[in-house]
Amino acid sequence: MRIACQTLPYANIYVDTNLQVIHVEWSGLVPSYIFRQTVTTALEHIQLRELYGCIYDLTNLKSIQQQDQEWLMHDVLPLLSNSTLRRIACLESPNQMGQLDMIDLVYCAGPTINFKFQYFEDVASALDWLGKGQKAASKYKVAQERSIMPFA
């Protein structure tokens, strides 16, 4: 059963406490202030829950504005690198603009990134990769039957 932890305009945030994974799902052309609010909220949950992995779903995102890319690179990535986050699985956008924005962002940050980043076509393959990266094998077994818990 999939339960939204937080529903914001243009985005949904889910968490799987068994896998220690957050899933951020974007939709449409997101205004800058909503983008930043959503990313900040996700970061707070990563830190609060000490989450290991993230599914960053760009499949329905139109684009990321330049100033938001710079904010992510300079302000958010250092915080993510100092968190418990170790893997980000990005679901590709059919819109090449959104995909290229993320590739450029990750490569520009370079050595400051303390986590692995990889693109996937669907949630199942992203969960498989995230599960394989975890230390406890039991966390991977629940991927097919994941129970997403709301934040308390």
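Residues numbered from 1 in each chain as written. Predicted model: local features only at pLDDT ≥ 70, side-chain atom pairs only at ≥ 80, totals over all residues. Heavy atoms only, no water.

## With respect to the overall build of the protein
Thought 1: Counting its regular elements, the protein contains 5 helices and 6 strands.
Thought 2: Mapped from its N terminus to its C terminus, the protein presents α and β elements in the order β-β-β-α-β-α-β-α-β-α-α.
Thought 3: Here the protein, with 152 residues, has 49% of them falling under the buried criterion.
Thought 4: Sequence separation of at least 24 residues holds for 77% of the intrachain contacts in the protein that already meet a minimum separation of 6.
Thought 5: As displayed, the protein has an accessible area near 7,700 Å², and 53% of this comes from carbon and sulfur atoms. (Helix = DSSP H or I, 4+ residues; strand = E, 2+ residues; numbered from the N terminus. Buried < 20%, exposed > 50% of the residue type's maximum accessible area, 1.4 Å probe, protein only. Contact = heavy atoms within 4.5 Å. Areas by Shrake-Rupley, 256 points an atom, 1.4 Å probe, with all protein chains shown as cover.)

## What to know about helix H1 (residues 32–49)
Residues spaced three or four apart along an α-helix point in a common direction, a consequence of the helix completing one turn every 3.6 residues.
Thought 1: Here H1 spans 26 Å end to end across 18 residues, near enough to the 26 Å set by a 1.5 Å rise per residue.
Thought 2: Of the positions making up H1, those classed as buried are Ser32, Ile34, Phe35, Thr38, Val39, Thr41, Ala42, Leu43, His45 and Ile46.
Thought 3: Looking one or two residues beyond H1, the residue adopting positive phi is Glu50, at roughly 55°. (Expected span 1.5 Å × (residues − 1).)

## Quick look at the packing of H1 against helix H2 (residues 66–81)
Thought 1: Interaxial distance between H1 and H2 falls to 11 Å at its minimum, and their mutual angle equals 10°. Relative to H2, the element H1 lies roughly parallel. Two secondary-structure elements touch here, H1 through Ser32, Phe35, Arg36, Val39, Thr40, Leu43, Ile46 and Gln47 and H2 through Gln67, Asp68, Trp71, Leu72, Val76, Leu79 and Leu80.
Thought 2: Of the residues contributing to the contact of H1 with H2, the split by class is 9 nonpolar, 4 polar and 2 charged. (Axes fitted to C-alpha atoms, helices over the stretch in contact; angles between N-to-C directions. Parallel < 35°, antiparallel > 145°, perpendicular 65-115°, else oblique. Nonpolar A, V, L, I, M, F, W, Y, C, P; charged D, E, K, R; others polar.)

## Overview of the nonpolar core
Thought 1: Among the nonpolar cores identified, the biggest contains 29 residues, and Ile22, Trp26, Phe35, Val39, Tyr56, Leu80 and Ile88 are the most heavily contacted of them.
Thought 2: Those elements giving two or more residues to this core turn out to be strand E2 (11–16), strand E3 (21–28), H1, strand E4 (53–61), H2 and strand E5 (87–91).
Thought 3: The element that contributes the greatest number of residues to this core is H1, accounting for 6 residues.
Thought 4: Ignoring anything within four residues of it in the chain, the contact list for Val39 reads Trp26, Tyr56, Trp71, Leu72 and Val76.
Thought 5: Counting 10 residues, the second largest nonpolar core, distinct from the first, contains Ile55, Ala89, Leu127 and Leu130. (Core = buried A, V, L, I, M, F, W, Y, C linked by side-chain atoms within 4.5 Å.)

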